[in-house]
Amino acid sequence: MHIDRDRFISDLETLASFTDGTPPGISRLVFAEADQQARVWLKSQCRDAGLSVREDAVGNMFARWTGTQPQLAAIGTGSHIDAIPHSGRFDGTVGVLGGLEAIRALQQSGFAPQRSIELLLFTAEEPTRFGLGCLGSRMLSGGLDSAADTHLKDSEGRTLAQLRAAAGFHGSLDQVRLKDGYYAAFVELHIEQGPLLEKKGLAVGIVTSIAAPAALRITVEGEGGHAGGVLMHDRKDAFCGAAEMVLAAEERALATGSVDTCATVGKCHIFPGAANSIPSRVEMEVDIRDTDEQRRNGVLREIEQACARVAAERDLQVRVTRINADAPATCSPRIIEAMVKAAEENELTYRTMVSRAYHDSLFMARIAPVGMVFIPCRGGVSHRPDEYSAPQALEDGAKVLASTLARLSREN
Ligand code: GLV
Ligand code: MN
Ligand code: MN
């Protein structure tokens, strides 16, 4: 089996050209123009490879290579192509285009799968537009129903219903959930987004579990006013309160004493946003993760309590809502074994590891046995324009994925 590394890299370059960001940063907001152009291009690539393409009501795309026993549950692979603002070209895309490359390589080797092999593009893995990550895979696994159509809105108040319809995705969201047993296995290829593989000089990482993500939306209300006219002791500055809440989140994450606990405030909007006006309202989001769900839940509660305390001390109003608090996922021992064999038969070095980032596999694990293959990325850097995985890493990842898919597609 031969991975066409140049074709894989050229596909990554083409996909990177569909961006609504300012170079060198990539950005692909779900359902925006660049995302739609990228989807059109990707569908034509899949059709050229002889795959039959369908899309569901939320825009998840499925491209199927029909097996010799199409009545059997399929083997899924894939990832996302949406990209957060000012990010790189490898996050998610490596799993989609690597999946396509793995299928092409297997086809060209003359391999005939028994189970169908299906490539997926998940809608909105990133939380950028709707505040909630893994929208498509959450729905496929039954974690969201049609109420999301009106509940989920972007920053300009447009609903999921409006945005998906404008992008050409129609029908009830209740039809998105996959039938039980639809997939016999799901395997996702992804960049590591951490430094371990590169540091140890290993070719691939074989994921054993995925850490549990959560997010809070915090709205702090105070009193606006003139930056000179209102004296310091008379103020109810919403941003000063918010700043204390941010530091409390950092402090609570550090206080667990575990390197596995993380808390990040990456989004903060100050109203009215003028240099000479006291902030009257702040809206922000906290991202909280841990490999240990109970410890993560403890940190969530402590941050909520700290927000209430700071608000009371400063005579502010605070509203804290949980956007999501998801369980971690464990990878299937059977798929881990298949990935280990795939690495060994390709003479590639590997280690097992935990995924600290979340992925669509977190949700696919609710309806199918899952596995993930990681490849090294330079300096462990991700969610930045300088995100980079070397050609050899891309080839190795696609090879291990192809061998794993081949093995799983022949299993009963
Ligand atoms: C996924 O992009 C994550 O934030 O883990
Ligand atoms: Mn990402
Ligand atoms: Mn990703």
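In this report, the structure presented in the accompanying data block is examined. Worth saying up front: this structure is predicted, and the values here are computed from it rather than measured.

1. Description of the pattern of salt bridges
Move 1: Using the criterion set out here, one finds 34 salt bridges in the structure.
Move 2: In this structure, E55 and K43 form a salt bridge, with 3.0 Å as the shortest nitrogen-oxygen distance. One end of the pair, E55, is in strand β2 (residues 52–55); the other, K43, is in helix α2 (residues 33–48), and 12 residues separate them in sequence.
Move 3: Residue K43 is classed as buried on the basis of its relative accessible area of 17%.
Move 4: Across the pair R356 and D260 runs a salt bridge, and its minimum N-O distance is 2.4 Å. On the criterion of sequence distance, the pair formed by R356 in the loop between β16 (350–355) and α11 (360–364) and D260 in the loop between α8 (238–255) and β11 (262–271) is long-range, its members being 96 residues apart.
Move 5: Classification of R356 by relative accessible area gives partly exposed; the value is 44%.

2. Focus: the side chain of D82
Move 1: Along the polypeptide, D82 turns up in the loop between β4 (74–80) and β5 (83–87).
Move 2: For the buried D82, no salt bridge is present, and the opposite-charge side chain at shortest range is R39, 7.4 Å distant.
Move 3: A distance of 3.2 Å separates the side chain of D82 from the backbone nitrogen of E125, its partner in a polar contact.
Move 4: With sequence-adjacent residues up to four places away left out, D82 is seen in contact with R28, V30, A124, E125 and E126.

So, how was this worked out
- Residues numbered from 1 in each chain as written.
- Chains lettered and ligands numbered in written order.
- Predicted model: local features only at pLDDT ≥ 70, side-chain atom pairs only at ≥ 80, totals over all residues.
- Heavy atoms only, no water.
- Salt bridge = Lys/Arg side-chain N within 4 Å of Asp/Glu carboxyl O.
- Helix = DSSP H or I, 4+ residues; strand = E, 2+ residues; numbered from the N terminus.
- Buried < 20%, exposed > 50% of the residue type's maximum accessible area, 1.4 Å probe, protein only.
- Lys, Arg positive; Asp, Glu negative; His and termini not counted.
- Polar contact = N/O pair within 3.5 Å; in protein donor to acceptor, adjacent residues only side chain to side chain.
- Contact = heavy atoms within 4.5 Å.

None of the figures reported here should be taken as evidence of function without further support.
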